[in-house]
Amino acid sequence: MARKRSNRNRRGAHHESVVVIGLGRFGRSLALELVDEDTEVLGIDENPEVVQSLSGSLTHTVRADSTKEDALRQLAVHEFDRAVVAIGSDLEASILTASLLISFGIENVWAKATSEAHGRILTQLGVQHVVFPEHDMGQRVAHLVRGGMLDYIEFEDDFAMVKTTPPPDVLDIPLSSSAVRTRYGITVVAIKRPGEGFSYATPDTVVQADDTLIVAGRTRATERFSERR
């Protein structure tokens, strides 16, 4: 008898659900955000006080040892398509839990890593998405501190998207005339007027001093654009 159910059966039961294992600060924040976005969340942690504190906030909250295969199978974790290993302080538990999820054939596994070595091990196990919350947040805040950016997201291959205010030399003229792409190497993606929501920018968009812009481009190019005052 095959141990693993078909992908079709798993998706039918849990395609709108996520299991989050480890409900510390990172896991708790992630799980609560998922619930706010109308996603069903099964939260698992070994600490009974943590489980109790979230029992009314998540769809299901269970105390269990995630390094034990039988415990995870009893909770039907093997039927999920999406899982997050948010364990940070116990390296062994993180690795063992991730290994079990991979062995279950779960299609999308995210895991928190606390160091490069930890992340490398998770990747070698077959974890598809390794995240470094503290490192990534530190980088993000550093960019915000040093520049004129209101928000900052960096993607792969040295590409970033930035929320910022416009520099003086692009004001009161259409974007096509300001030549921001040629001069700065960035693209203005969206614009927000005071009291309004964001809308897509066009070549005819005229930027004003109290506007907020979303710009995209190479990381250093977006920084230079945001720093120009």
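Everything below is about the structure shown above.
Just so we're clear, the structure is a prediction, and the values are computed from it rather than from any experiment. (Residues numbered from 1 in each chain as written. Predicted model: local features only at pLDDT ≥ 70, side-chain atom pairs only at ≥ 80, totals over all residues. Heavy atoms only, no water.)

Trainee: What exactly am I supposed to notice about the side chain of Thr39 here?
Mentor: Structurally, the position occupied by Thr39 is in the loop between helix H2 (25-36) and strand E2 (40-45). Classification of Thr39 by relative accessible area gives buried; the value is 14%. (Helix = DSSP H or I, 4+ residues; strand = E, 2+ residues; numbered from the N terminus. Buried < 20%, exposed > 50% of the residue type's maximum accessible area, 1.4 Å probe, protein only.)

Trainee: Looking at this structure, how should I read the pairing of strand E1 (residues 17-21)?
Mentor: Each regular strand carries side chains that alternate between the two faces of the sheet. Among the 5 residues that make up E1, 5 are buried, leaving the element largely enclosed by the rest of the structure. Side chains of E1 alternate between two faces, with Ser17, Val19 and Ile21 and Val18 and Val20 buried alike. Taken together, the 5 bridges between E1 and E2 define a ladder with parallel strand orientation. Each bridged residue has a counterpart across the sheet, and for Ser17 the counterpart in E2 is Glu40. Chirality of the crossover, the property in question, places the unit of E1, H2 and E2 among those that are right-handed. Here E1 runs beside strand E4 (residues 82-85); their pairing, made up of 3 bridges, is parallel. Within the sheet, the bridge partner assigned to Val20 lies in E4 and is Val84. (Pairing = 2+ DSSP bridges. Right-handed = clockwise from strand over helix to strand, strands pointing away.)

Trainee: Explanation requested: the pattern of salt bridges in the structure shown.
Mentor: Side chains bearing opposite charge may pair, as long as their charged atoms lie close to each other. On inspection of all chains with the given rule, the structure shows 4 salt bridges. The closest approach of N and O atoms between Glu69 and Arg73, which form a salt bridge, is 3.0 Å. One end of the pair is Glu69 and the other is Arg73, both in helix H4 (residues 69-74) and 4 residues apart, which spans about a single turn. For Arg183, the salt bridge goes to Asp169, with nearest N and O atoms at 2.5 Å. Here Arg183 is found in helix H9 (residues 180-184), whereas its partner Asp169 is found in the loop between strand E8 (159-164) and helix H8 (175-178), with 14 residues between them in sequence. (Salt bridge = Lys/Arg side-chain N within 4 Å of Asp/Glu carboxyl O.)

Trainee: For this particular structure, what's the right way to read a negative patch on the surface?
Mentor: A surface patch of like charges, here negative, comprises Glu33, Asp36, Glu37 and Asp38. Structurally, Asp38 is set in the loop between H2 and E2. (Patch = residues over 30% accessible without salt bridge, like charges linked within 9 Å, V, L, I, M, F, W, Y side chains within 5 Å. Areas by Shrake-Rupley, 256 points an atom, 1.4 Å probe, with all protein chains shown as cover. Lys, Arg positive; Asp, Glu negative; His and termini not counted. Charge placed at Lys NZ, Arg CZ, Asp CG, Glu CD.)

Just geometry here; none of it tells us what the structure is for.
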